[in-house]
Amino acid sequence: MKKECSKISTHNNLTWGGVDCQKLADEFGTPLYVYDAGIIKSRCRELRETFLERWPNTRIRYAGKAFLTRAVAELINREGLGLDVVSMGELFTALSVNFPVERIEMNGNAKSHEEISYAVSSGVGRIIVDHPDELKVIEECAKKFGHVQKIMIRVTPGVDAHTHAYISTGQTDSKFGFPLDGPMLTDAINYAMKSEFIDIRGLHFHVGSQLFDTDDYLKSLAKILELMKRLKGELGFITHELNIGGGFGAVINPSVPAMRSEFYTDKIMNALYEGCKNFGLEIPCAIFEPGRWVISEACLTLYRVENIKELPGITYIAVNGGMADNPRFALYNAEYDAVAIANPDGKIYNREGNTKVSVVGKCCESGDILIDNAKLPLLKAGDIIGLYNSGAYTFSMSSNYNYLQRPAVVFVENGEAKLVVERQSLDDLIRGQRDY
């Protein structure tokens, strides 16, 4: 497989996007999120070539919850993809760079009246309905603003994905979507079909994240096809659009070949075409909404080693970041690989043969861990290390815990670096606070 990024040594230093990582750390400070924009673009183009251009009547909506800034929204727009947003803040960010509103879809399981009103008044292309009460609010807002709002209904296929429980979304007891059986779904579809201010376009489902095979997608799709047939027979409802969600797996280390998008899309689309043919159904517009797969492997997060503490049986490498800028290990034991910037090919640090090496953060929590069992060469205080595959759900989940400042974000490409998010200042930490 063709390499997507430049990962070669210059003066023994690792480069990312053609830029020396030591120089990046010196210029922009650490922690630092470094995104190779070339990788993001190549993923977008791969989706176009292997899905949008191969299969007619299809759409891609990048899942902004994985990582969204003004620069990301601009890049996704330039690459011709759409955007899936889940909050007023994400929608506002997209609109701030004039992202084409008709290519935006609003998702989420607990939308407020204010969020729905903002989405409708902005003219978003679709609202993904997750609860019956949303329909009345959408109808009210659409009537107020004088247009018909297109929607899709999110359903729960009842498939327990083979992934961590916290990123599995398609199981029967999920907080997301309408169950396939019972009156809740049919009542909602009936309501939408009768409303003069709502245009119900189809169905949406999402199985989970970090899926490395298609079994759960295909099991879910089989159930959705049966549902489409039943809804057509019972209600006369035609599923014009089917959003199959995202969840494509992202690999931990760039030495491992990335998962190709067509590994998922071709199998799923073939099953969709065959199922529609067998059930006598119209082939709907198919939509995928990858997020992590587009963005995660593009990022190397840089940290400075503050100290190394050697204890019997374990060595702690403490860095100047941690769960405030990347809470994913603390949330669901996310796995990462690390690299020493100044010695990327160095011998693995294993002092006594069985010594465990953990990369830990500076937050006042025992669970502030970045890598539980790291494979790194011998390091010293002041060295820079990088975490691979750290581009998704890091910046977007970051916090000011312990009053730490959120890191800067840099885009690199073809040997050039551009600051796209400034590091928070100390003044930023208390902005908006008032004296007693």
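If you're wondering where the values come from, they're calculated on a predicted model, not measured in any experiment.

Criteria and thresholds
- Residues numbered from 1 in each chain as written.
- Predicted model: local features only at pLDDT ≥ 70, side-chain atom pairs only at ≥ 80, totals over all residues.
- Heavy atoms only, no water.
- Helix = DSSP H or I, 4+ residues; strand = E, 2+ residues; numbered from the N terminus.
- Rg over C-alpha atoms; globule rule 2.2 N^0.38 Å.
- Buried < 20%, exposed > 50% of the residue type's maximum accessible area, 1.4 Å probe, protein only.
- Contact = heavy atoms within 4.5 Å.
- Areas by Shrake-Rupley, 256 points an atom, 1.4 Å probe, with all protein chains shown as cover.
- 1 Å grid on protein atoms, 1.4 Å probe; cavity = no way out; pocket = protein on both sides within 12 Å on 5 of 7 lines; lining within 4 Å.
- Points joined across faces, edges and corners; volume = space filled by probe spheres on them.
- Nonpolar A, V, L, I, M, F, W, Y, C, P; charged D, E, K, R; others polar.
- Salt bridge = Lys/Arg side-chain N within 4 Å of Asp/Glu carboxyl O.
- Axes fitted to C-alpha atoms, helices over the stretch in contact; angles between N-to-C directions.
- Parallel < 35°, antiparallel > 145°, perpendicular 65-115°, else oblique.
- Left-handed = near helix turned anticlockwise from the far one by under 90°.
- Polar contact = N/O pair within 3.5 Å; in protein donor to acceptor, adjacent residues only side chain to side chain.
- Phe/Tyr/Trp six-rings, centres within 6.5 Å; stacked < 30°, edge-to-face > 60°.
- pLDDT = per-residue confidence, 0-100.

**Things to note about the overall build of the protein**
From N to C terminus, the protein includes 12 helices and 21 strands. In summary, the protein has a C-alpha radius of gyration of 23 Å against a globular reference of 22 Å for 436 residues, a match within 12%. Overall, the C-alpha framework of the protein stretches about 70 × 55 × 40 Å when taken along its three principal axes. Going through the 436 residues of the protein one by one, you find that 56% of them count as buried. Considering only residue pairs separated by 6 or more positions, the protein has 72% of its internal contacts joining residues 24 or more positions apart. Carbon and sulfur atoms provide 49% of the accessible area of the protein, an area that totals close to 19,200 Å².

**Details of empty space enclosed by the protein**
Any empty space left between the atoms is revealed when a probe the size of a water molecule rolls over them. Under the criterion given, the structure shown has 2 cavities of 30 Å³ or more. In the lining of the largest cavity, the residues fall into 5 nonpolar, 6 polar and 3 charged. In this structure, the second largest cavity encloses a volume near 40 Å³. Within the lining of the second largest cavity, the residues separate by chemical class into 4 nonpolar, 1 polar and 2 charged.

**Some points on the pattern of salt bridges**
The full count for this structure, using the stated rule, is 21 salt bridges. Residues Glu297 and Arg43 are paired through a salt bridge, measuring 2.9 Å at the closest nitrogen-oxygen approach. One end of the pair, Glu297, is in the loop between helix H10 (292-295) and strand S14 (299-311); the other, Arg43, is in helix H2 (residues 37-52), with 254 residues separating them in the sequence. For Arg43, a relative accessible area of 1% translates into the label buried. Within the structure, one salt-bridge network assembled from shared partners comprises Arg59, Arg61, Glu105, Arg126, Asp199, Arg201 and Glu241.

**Considerations on the packing of helix H7 (residues 183-194) against helix H8 (residues 215-235)**
Viewed as axis vectors pointing N to C, H7 and H8 meet at an angle of 55°, and their least axial separation amounts to 12 Å. Here H7 lies oblique to H8, going by the angle between them. For the pair H7 and H8, the sense of crossing is right-handed. Listed contacts from H8 to Leu185, Thr186, Ile189, Asn190 and Met193 of H7 are Leu227, Arg230, Leu231, Glu234 and Leu235. Among the residues making up the contact of H7 with H8, the classes are represented as 6 nonpolar, 2 polar and 2 charged.

**Some points on unusual backbone geometry**
With an omega of -10°, the peptide bond between Thr30 and Pro31 qualifies as cis. Structurally, Pro31 is set in the loop between helix H1 (21-28) and strand S4 (32-36). Despite not being glycine, Asn414 shows a phi value in the positive range, around 50°. With respect to the helices and strands, Asn414 occurs in the loop between strand S20 (408-413) and strand S21 (416-421).

**Side note on the side chain of Asn13**
Among the secondary structure elements, Asn13 is positioned in strand S2 (residues 13-16). At a separation of 3.2 Å, a polar atom in the side chain of Asn13 contacts the side chain of Asp20.

**Some details on the packing of aromatic side chains**
Evaluation of the coordinates by the stated rule reveals 13 aromatic pairs. Summarising the aromatic geometry, the rings of Tyr33 and Phe395 are spaced 6.0 Å apart at their centres and angled 80° between planes, so their arrangement reads as edge-to-face. Taken together, the residues Tyr33 in strand S4 and Phe395 in the loop between strand S19 (384-387) and S20 connect sequence positions 362 residues apart. Taken as a pair, Tyr33 and Phe395 share a single burial class, namely buried. When the ring of Phe263 is compared with that of Tyr264, the centres are 5.1 Å apart and the planes differ by 85°; the resulting orientation is edge-to-face. Members of the aromatic cluster, joined through ring pairs, are Phe51, Tyr217, Phe248, Phe263, Tyr264, Phe288 and Trp293.

**Description of the confidence of the model for the protein**
Chain-level statistics for the protein give a pLDDT mean of 92 and a share of 92% at 70 or above. For residues 1-6, every residue scores under 50 in pLDDT, and the model assigns this stretch 17 contacts once sequence neighbours within four places are set aside. Note that residues 162-171 has pLDDT below 50 and, in this model, 36 contacts with residues that lie over four places away or in other chains.

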